[in-house]
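Results of the structural survey
Residue-level listing of the chains:
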Amino acid sequence: MLIDLREIINIPGGRVRFDYEPDLSDAVGGSIVHVEKPAHAVGQVANNAGVLTFSAEVDAVCICVCARCLTEFSLPVHKLISAYITKGGEDGENHEGYLLQGDMVDADEIIITEFVLDMEDTLLCSPDCAGLCEKCGADLNKGPCECKTEVDPRFAALQQLLDNDEEVF
């Protein structure tokens, strides 16, 4: 969504508010499989003493894959997004913030970029997810698998002591 900023570009204290449903279908990658529609964004672009600031609250529901057990799960996400909007440097490059496109700014570009950058790298279905068995691939959240635990060869002597200790009692 392009936001027209002509009314506030040269008026310190000016604000342009927005409330819409951004298309976050491009906000996928890593653990995020897709973002359910509709997402919701509400915010404003403000001219603070000549500096254009973008701020928004974005609510969405992401369908993710757990990094431990590979199960799909639904994750409600609430993000606070803030960014600067600039005209660009003298060399035509943007060194900080997002570029104006004439007198407009692309809210989708800012929201999608900041939404993706602010997501965790590793998403889990629950904090205590047990993951998958290293040998058979069974989902350990559903219960223990049938695999026998092997003792690290470096600790085999200690295991023998434990085995002998059980026989004494």
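These remarks concern the structure in this document. What you are looking at is a predicted structure, and each value in this text was computed from that prediction instead of being measured.

1. Here's the deal with the packing of aromatic side chains
- Throughout the structure, instances matching the rule amount to two aromatic pairs.
- With a centroid separation of 6.1 Å and an interplanar angle of 65°, the aromatic rings of F18 and Y20 are classed as edge-to-face.
- By relative accessible area, which is 5% here, F18 ends up buried.
- Judged by relative accessible area, Y20 falls into the buried class, the value being 11%.

2. Let's talk about the nonpolar core
- Counting residues in each nonpolar core, the largest one holds 39 residues, and the members touching the most others are I3, L5, L24, V45, F54, I85 and F115.
- Looking at this core, the elements that each hand over two or more residues are β2 (15–20), β3 (32–48), β4 (51–65), β5 (72–86) and α1 (107–117).
- For this core, the element with the most residues is β4, which contributes seven residues.
- F115 has contacts with L24, A27, V58, A60, C62, V77, K79 and I81, leaving out every residue within four places of it along the chain.

3. Structural notes on the sheet that holds β5
- Sheet architecture is open: five strands sit in the order β2-β3-β4-β5-β6, paired in mixed fashion. Two strands lie at the open edges of the sheet, namely β2 and β6 (98–99), each paired on one side alone.
- The pairing of β3 with β4 spans 13 bridges and is antiparallel. Across the sheet, the residue bridging to V35 is C62, located in β4.
- Taken strand by strand, α1 contacts β2, β3, β4, β5 and β6, and its axis lies near 125° from that of β5.

So, how was this worked out
Residues numbered from 1 in each chain as written. Predicted model: local features only at pLDDT ≥ 70, side-chain atom pairs only at ≥ 80, totals over all residues. Heavy atoms only, no water. Phe/Tyr/Trp six-rings, centres within 6.5 Å; stacked < 30°, edge-to-face > 60°. Buried < 20%, exposed > 50% of the residue type's maximum accessible area, 1.4 Å probe, protein only. Core = buried A, V, L, I, M, F, W, Y, C linked by side-chain atoms within 4.5 Å. Helix = DSSP H or I, 4+ residues; strand = E, 2+ residues; numbered from the N terminus. Contact = heavy atoms within 4.5 Å. Pairing = 2+ DSSP bridges. Axes fitted to C-alpha atoms, helices over the stretch in contact; angles between N-to-C directions.

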